[in-house]
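Each chain, letter by letter, is given below.
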Amino acid sequence: MQPFCLTLSRLLLAGWVGGAALFVVTSVAEQRWDGFDALTKNTLALIRFPWYYTFGFTMLATGLGLGIAGLTNGVVGFARRLVFVVATSAALLVMLGDLLFVYLPLSEMAEAITNGDARPAEFREYHERSKQVNVVVFGLSLLSAILVSVPTWEPEDGSGR
């Protein structure tokens, strides 16, 4: 069962890293494309981000749980398991903080803009903060994906160390 859990964890965490990268690339492309007016760009962001957080939390949390189950085989050292758990948990906590304290206020501002209100002065500050926080989440997620994916080697004596 442990190899199956480890395989799924690897797929989920690598999938999240790839999905997050694709999200950023397509979001930047949409915002820079001249074919969309400001209202459309704003609406696209409002549609996308709830999916981003749902997908991210699901992939990271499930990858963490399966990674813990898959790495308890005694072959992977304690330090690597600990860093994996801390990095993945930190990514989830930082993402939760981003959702609650950055994205939700930002989305309220974006909805007001969509309804015709002027862009608040703090909009850019929240947007910049969101970008910075998401770089941290991406980095921690990438570290987690690497830690869970690096193969272990069995020594010739079969000791697993």
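Since the structure is predicted, the reported quantities are computational estimates derived from the model, not experimental observations. Within any chain, residue numbers begin from 1 and follow the written order of that chain's sequence. Local features are withheld for residues below a pLDDT of 70 in this predicted model, meaning they are given only at 70 or higher, and side-chain atom pairs are given and counted only at 80 or more; totals for whole chains, interfaces and linings count all residues. In computing side-chain properties, one takes all heavy atoms of the structure into account and sets aside hydrogens as well as water.

S.K.: Looking at this model, I keep getting lost on the overall build of the protein. Mind explaining?
M.R.: Think of it this way: any DSSP run of H or I at least four residues long counts as a helix, any run of E at least two long counts as a strand, and we number them from the N terminus. The helix and strand inventory of the protein stands at 4 helices and 0 strands. Written out in order from the N terminus, the α and β elements of the protein read α-α-α-α. The quantity called the radius of gyration is restricted to C-alpha atoms. Its globule counterpart is 2.2 Å times the number of residues to the power 0.38. The globule rule puts the C-alpha radius of gyration for 161 residues at 15 Å, and the 19 Å found for the protein is more than 25% above it. Considered along the principal axes of its C-alpha atoms, the protein spans approximately 70 × 30 × 20 Å. Partly exposed describes any residue whose relative accessible area lies between the buried limit of under 20% and the exposed limit of over 50%, with all areas from a 1.4 Å probe on protein chains only and scaled to the type maximum. A total of 161 residues make up the protein; the buried ones form 33% of that total. In this analysis, two residues are considered to be in contact whenever any of their non-hydrogen atoms come within 4.5 Å of each other. The long-range share in the protein, meaning contacts at least 24 apart out of those at least 6 apart in sequence, stands at 80%.

S.K.: Is there a simple way to think about the layout of surface pockets in this case?
M.R.: In this approach, a probe sized like a water molecule rolls over the atoms, and the result shows the empty space that is left. Roughly 960 Å³ of internal volume is contained in the largest pocket. Cavities and pockets are found on a 1 Å grid laid over the protein atoms alone: a cavity is a set of points where a 1.4 Å probe fits but cannot escape, a pocket is an open set with protein on both sides within 12 Å along at least five of seven lines, and a lining residue has an atom within 4 Å of such a point. Around the largest pocket sit 31 residues that line it, and Ser27, Gln31, Phe49, His127 and Lys131 are the ones nearest its centre. For the lining of the largest pocket, the elements supplying multiple residues, two or more each, are α1 (2-32), α2 (38-70), α3 (78-114) and α4 (123-149). Among the elements that line the lining of the largest pocket, the one with the most residues is α1, at 9 residues. Throughout, the ten residues Ala, Val, Leu, Ile, Met, Phe, Trp, Tyr, Cys and Pro are labelled nonpolar, Asp, Glu, Lys and Arg are labelled charged, and all others, Gly among them, are labelled polar. Looking at the lining of the largest pocket residue by residue, the classes come out as 17 nonpolar, 7 polar and 7 charged. Grid points are joined across faces, edges and corners, and a volume is the space filled by probe spheres set on the points.

S.K.: Would you take a moment to explain the nonpolar core for this structure?
M.R.: For soluble globular proteins, nonpolar side chains are generally found buried alongside one another. With 28 residues, the main nonpolar core has Trp16, Leu60, Phe84 and Met95 as its most contacted residues. Elements with a contribution of two residues or more to this core: α1, α2, α3 and α4. Looking at this core element by element, the count peaks at 8 residues for α1. Apart from the residues within four sequence positions on either side, Leu60 is in contact with Leu13, Trp16, Thr88, Ala91, Leu92, Met95 and Ser141. With 7 residues, the next largest nonpolar core counts Val102, Leu106, Met109 and Ala110 among its residues. Joining through side-chain atoms within 4.5 Å is the link that ties buried Ala, Val, Leu, Ile, Met, Phe, Trp, Tyr and Cys residues into a set, and such a set is a nonpolar core.

S.K.: I'm lost on a nonpolar patch on the surface in this one. Help?
M.R.: A patch consists of residues whose relative accessible area exceeds 30% and which take part in no salt bridge; residues with like charges are grouped when within 9 Å of each other, and nonpolar side chains (Val, Leu, Ile, Met, Phe, Trp, Tyr) when within 5 Å. Residue burial considers only the protein chains on display, and all accessible areas are found by Shrake-Rupley using a 1.4 Å probe. Salt bridge, as used here, is a side-chain nitrogen of Lys or Arg placed within 4 Å of a carboxyl oxygen of Asp or Glu. Side chains of Leu93, Leu96, Leu100, Phe101 and Leu104 sit close together on the surface and give an oily, nonpolar patch of about 490 Å² of accessible area. Structurally, the position occupied by Leu100 is in helix α3.

S.K.: Which parts of the structure should I look at to understand the pattern of salt bridges?
M.R.: Opposite charge on two side chains lets them pair, provided their charged atoms get close. Under the defined criterion, the tally for this structure stands at 3 salt bridges. Note that Glu30 and Arg48 form a salt bridge whose closest N and O atoms lie 2.7 Å from each other. Here Glu30 is found in helix α1, whereas its partner Arg48 is found in helix α2, with 18 residues between them in sequence. Across the salt bridge formed by Arg129 and Glu125, the nearest N and O atoms sit 2.6 Å from each other. Of the two residues, Arg129 and Glu125 both sit in helix α4, 4 residues apart, roughly one turn of that helix. Here Arg129 falls in the partly exposed class, since its relative accessible area comes to 32%. Residue class for Glu125 comes out partly exposed when judged on its relative accessible area of 46%.

S.K.: Sorry, what's going on with the side chain of Ser9 here?
M.R.: Positionally, Ser9 belongs in helix α1. In this structure Ser9 comes out as buried when scored by relative accessible area, which is 0%. Not counting the four nearest positions on each side in its chain, Ser9 is found in contact with Gly63, Leu66, Gly67, Phe84 and Val148.

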